[in-house]
Amino acid sequence: MDEANEFKLTAASAAAIAGFLVSNLFVVRPTSVTVRVPARWCPAALLPRNDGGDGDNGVPEKKHADASAESLLIRSTAAIARDAEGEGEGEEIALEPVGLSTGAAPVSLTDDDDGEDESAKPMGFRGDGRVPFTLPLNYATVALPIALLLTATGVLPPSGFAAAVAGTPGSPLHPWAVLVLLASLSYVCVALDITGALEAVAVRVLARAGDDGRKVLLAVWLLTSAMTVATNNDVVILTLTPVLAHAAAHSGVDPARTRGLHLTQFYAANAISAVWYLSNPTNLVVAQAFALDPLRLAAVLAPAALASHVLLFASVAYWFPLPRKLPAVRGEEERVGPKDPRGAVVHGLVLAACIAALIVSTALTSASGEGKEPVPVWTIVLAAGLASLAWDLANDALRIAHFDLRPWPRTRAARSRFPLGIFPFLVGQFALVEALVATGALAPVARGLAWAAMVAGGGPLAAAVAVGCIAAALCAVMNNLPTTVLLVRAMQHPAWRDEVAGEGADGVHAAAVAALVLASNTGPCTALAGSLAGLLWAQVLKGLGVSEEVVPAVVPVVVGFFVLGATVAAAPGLLLGE
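Cut-offs applied
Residue positions are given per chain, counting from 1 as you read along its sequence in written order. Whole-chain, interface and lining totals are the exception, using all residues; otherwise, since this is a predicted model, local features are given only for residues with pLDDT of at least 70 and side-chain atom pairs are given and counted only at 80 or more. Each side-chain value is worked out from all heavy atoms of the structure, with water and hydrogens disregarded. Labels follow the DSSP assignment, with helices taken as runs of H or I lasting at least four residues and strands as runs of E lasting at least two, numbered in each case from the N terminus. Only protein chains enter the accessibility calculation, which uses a 1.4 Å probe. A residue is then buried if its area is under 20% of the maximum for its type, exposed if over 50%, and partly exposed in between. Contact definition: two residues touch when any of their heavy atoms are within 4.5 Å. Method for areas: the Shrake-Rupley scheme with a 1.4 Å probe, in which residue coverage is limited to the protein chains shown. Think of the arc as the fan of directions from the helix axis to the C-beta atoms. Only rings of Phe, Tyr and Trp enter the pairing, Trp through its six-membered ring, and a pair is recorded when the two centres are within 6.5 Å. The plane angle decides the type: under 30 degrees is stacked, over 60 is edge-to-face, the rest tilted. Residues with no salt bridge and a relative accessible area higher than 30% make up the patches, which join like charges within 9 Å and nonpolar side chains (Val, Leu, Ile, Met, Phe, Trp, Tyr) within 5 Å. Salt-bridge detection follows one rule: a side-chain nitrogen of Lys or Arg within 4 Å of a carboxyl oxygen of Asp or Glu. Working convention: axes come from line fits to C-alpha atoms, limited for helices to the stretch in contact. Angles between N-to-C directions cover 0 to 180 degrees. Each angle is binned into one of four classes, with values under 35 degrees roughly parallel, values over 145 roughly antiparallel, values of 65 to 115 roughly perpendicular, and all other values oblique. Under the scheme applied, nonpolar residues are Ala, Val, Leu, Ile, Met, Phe, Trp, Tyr, Cys and Pro; charged residues are Asp, Glu, Lys and Arg; polar residues are all the others, including Gly. Here the expected span of a helix is defined as 1.5 Å times the quantity of residues minus one. Working definition for bend: take the seven residues up to and ending at a residue and the seven starting at it, fit an axis to each, and measure the angle between the axes. Throughout this description, a polar contact denotes any pair of N or O atoms lying within 3.5 Å of each other; where both atoms belong to protein, one of them has to be capable of donating a hydrogen while the other can accept it, and for residues adjacent in sequence the pair is counted only when both atoms sit in side chains.

**Things to note about the overall build of the protein chain**
Counting its regular elements, the protein chain contains 23 helices and two strands. A burial count over the protein chain gives 53% of its 578 residues as buried. For the protein chain, the proportion of contacts with a sequence separation of at least 24, taken over those separated by at least 6, is 81%. When the accessible surface of the protein chain is summed, it comes to about 24,600 Å², and 63% of that surface belongs to carbon and sulfur atoms.

Shown next, in the form of C-alpha cells:
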C-alpha cells in the first residue's frame, strides 16, 4: 500500500473512531443548542406560544413537563392524573413525551401580524421574524446524522450503510429484524401499560405488603423481576418508578431512608432482564448475531443472572434498609385500577400469546436438530404488535363514530410513549460500527478482546470473567447498546476467529458470547449512564422531584461472571448447540 492510500485509510479510521466516540458522548451526556432562526423554518407544533398558562413562559403547570433537551421523561397516565386531581375530577390527561417537542399547540406563523393577538405569537418572537429553536443533542438525534456524514464523506461506503440495516451477507445478524422485534414488542407493552393494568398490579402488590419495610422491599424486588421478564426493563422503569416515588412521598418517611425502594427496582430491572432475550434490546442484538436459541440462552444465563440478582437485592437490603414500620399504601388499591379493563385484557392476552408462541417456536427449532425456525421470531412478535395496534385503532374509530371530541386517544397516547428515538440510535450505531469495520479500526478491538478471552489458558471461566468485565466497563462508560453492537461485530471479525482457535476454542467463544449478554444487563448496575433504562429511571425520578444516583454494585456483577464461566465450563456445548 502506498503512502497516500495508507494516509487515507488512517484518516478514515480516525474519523470513524471519532464519530463513534462523539455519538456515545451525547448518550451519556445529553445537551442541546439553541439558535435563533426564521420562524417560517420551524414546524409550528415545535414552537411554544404565549397562551397564558400557570407555569413559566405561559406553559401550564402539571400538563406540560419541563422541555429540556436532555429530558427523556415520559410519565404514566395514572401518575399524571393523580398530580392533576386538583384541576378537575375525572379529567383525562393525555400522555406527553418530553425532549423532542414542547407539547404546545400548533400556531400559525405568518409575516403579516396585523390584528394578530400577541399571545398567539411564538415565545421569543422579537419582531424580526426569528424565534429561538432548541435542538436536542442526545442518543436519538446524534448517532444517525454522524453515520450519514461519514457516508457522505466516503469514510463509510454506501454498501456499509446498507449493511447497517439489511445486515452483511452470510451473517445471521439482520438489524432490520431487531428493529421490527423491538418496535412490535414495545408497542404491545406500551399499549398494555396505557390501560393502567401494570400500575394497578404494582399498587395492589405494594398495598398487600402492609407496613413492614422488609416485606415492602421484597415485594418491590419480586414485582420488578416478574414484570421485567414478562415485558422488558424499559417498560418496567417507566411504569413502576412513578408508583414507587408516589408511595415513598406519601409515606412521610425521610427520602434518604426510602432509597432502597428505587435502588431495588433499578438493580432488579437490569439484572433479571438477562434471563429472557426479549427483556432487553441488547439481548436481541446478540441472539440475532449468533443465531442463539432463546431457551438455551436462558438456561446458560439463568444461574449467573440470578446470582447477581440475589446479591444485588441483599446488598440493597443491608446498606439501604427501609424502616421496620413503613406506612402502608392505604386505599390506593381501591382508587387505582385499570382505566381500560377491556384493553388491559386484550393487550395482556396478546402479550401472553406472543410469549407462548415464541417458547413453542424455539422448542420446535431445538427439537428439529436443524436449527431452522419453523416461524421466524420477528414474524411472531410483529403479529402481536399489529394485533395490539389493530385493537387500538378499532376502538379509536368507534370513538370517532360516536362523535368523541378527543381524536384517536389510544393511538396518540401509545405514540407519545413509544420509544421512537431508539431506532435512529440503533441504525446509527450499526452504521458507525460498519465504518470501523470498513476502515480496519475494528481489527485491533477484535484482537485485544480475543487476547483477553484466551488469557490464563483460555478456559471458559477466564473468558467469561475477562470479556464480562471489559464489556461491563465499556457499558459504564458509553452505554450498553453501542457496547453490545461493537463487541458483537468484534467477535464476528476474522481477527477474533484467528486468535480464538485450537482446543477448547468453542467453549471460550460460548463463554465470551454469554458474558457479553450478561454484561449488557448487569453492567449498567455500576453506572447510571450504562443503559437507556438507567437514563430513563433518573429522568423520571427527577421529574417527580427525586434526586437519585446509582451506587456502583461491582462485586455482585463480577460474581455473576464467575458463575457464568463455571456454567459454560460444565456444559460448553449448551449455548451454541454443539
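Right, picking up where we left off after that structure.
**Observations regarding helix α4 (residues 158-166)**
Listed as buried for α4 are G160, F161, A163 and A164. Projected down its long axis, α4 carries its buried residues within an arc of 155 degrees, all on one side. Exposed residues on α4 whose side chains face more than 90 degrees from its buried face are P158 and S159. Contacts from the buried residues of α4 go to α3 (139-152), α5 (175-194) and α16 (422-438). Directly after α4, the chain includes G167, whose backbone phi takes a positive value near 95 degrees.

**Some details on the packing of aromatic side chains**
Inspection of every chain in the model, using the stated rule, returns eight aromatic pairs. Aromatic pair W176 and W378: ring centres 5.1 Å apart, planes at 80 degrees, arrangement edge-to-face. Pair noted here: W176 is in helix α5 and W378 is in helix α14 (residues 377-401), with a separation of 202 residues, a long-range link. What makes W378 partly exposed here is its relative accessible area of 26%. An angle of 90 degrees between the planes, with centres 5.0 Å apart, marks the rings of Y318 and W319 as edge-to-face. Cluster of aromatic residues (ring-pair linked, three or more members): F266, Y267 and W537.

**Looking at a nonpolar patch on the surface**
A grouping of L393, I400 and W408 is seen on the molecular surface, where their side chains present a nonpolar patch of about 240 Å² in accessible area. Within the secondary structure layout, W408 lies in the loop between α14 and α15 (409-417).

**Points about the packing of α14 against α15**
Between α14 and α15, whose axes approach to 7 Å, the crossing angle comes to 135 degrees. Taken together, the axes of α14 and α15 lie oblique to each other. Residue-level contacts link L389, W391, D392, L393, N395, D396 and R399 of α14 to P409, R410 and T411 of α15. The class makeup of the residues in the contact of α14 with α15 is four nonpolar, two polar and four charged.

**What to know about helix α8 (residues 233-249)**
Each turn of an α-helix holds 3.6 residues, which means side chains three or four residues apart point in the same direction. For α8, with 17 residues, the first-to-last C-alpha span of 23 Å sits near the 24 Å given by 1.5 Å per residue. At L240, α8 is bent by approximately 30 degrees, the largest bend along its length, and proline P242 sits one to four residues beyond. Within α8, 16 of the 17 residues are buried, leaving the element largely enclosed by the surrounding structure. Between the side-chain oxygen at the start of α8 and the backbone nitrogen of D234 there is a gap of 3.1 Å, and the oxygen is on N232.

**Digging into unusual backbone geometry**
At A291, a position not held by glycine, the phi torsion is positive, near 50 degrees. For A291, a relative accessible area of 59% translates into the label exposed.

Worth remembering: the numbers are spatial, not functional.
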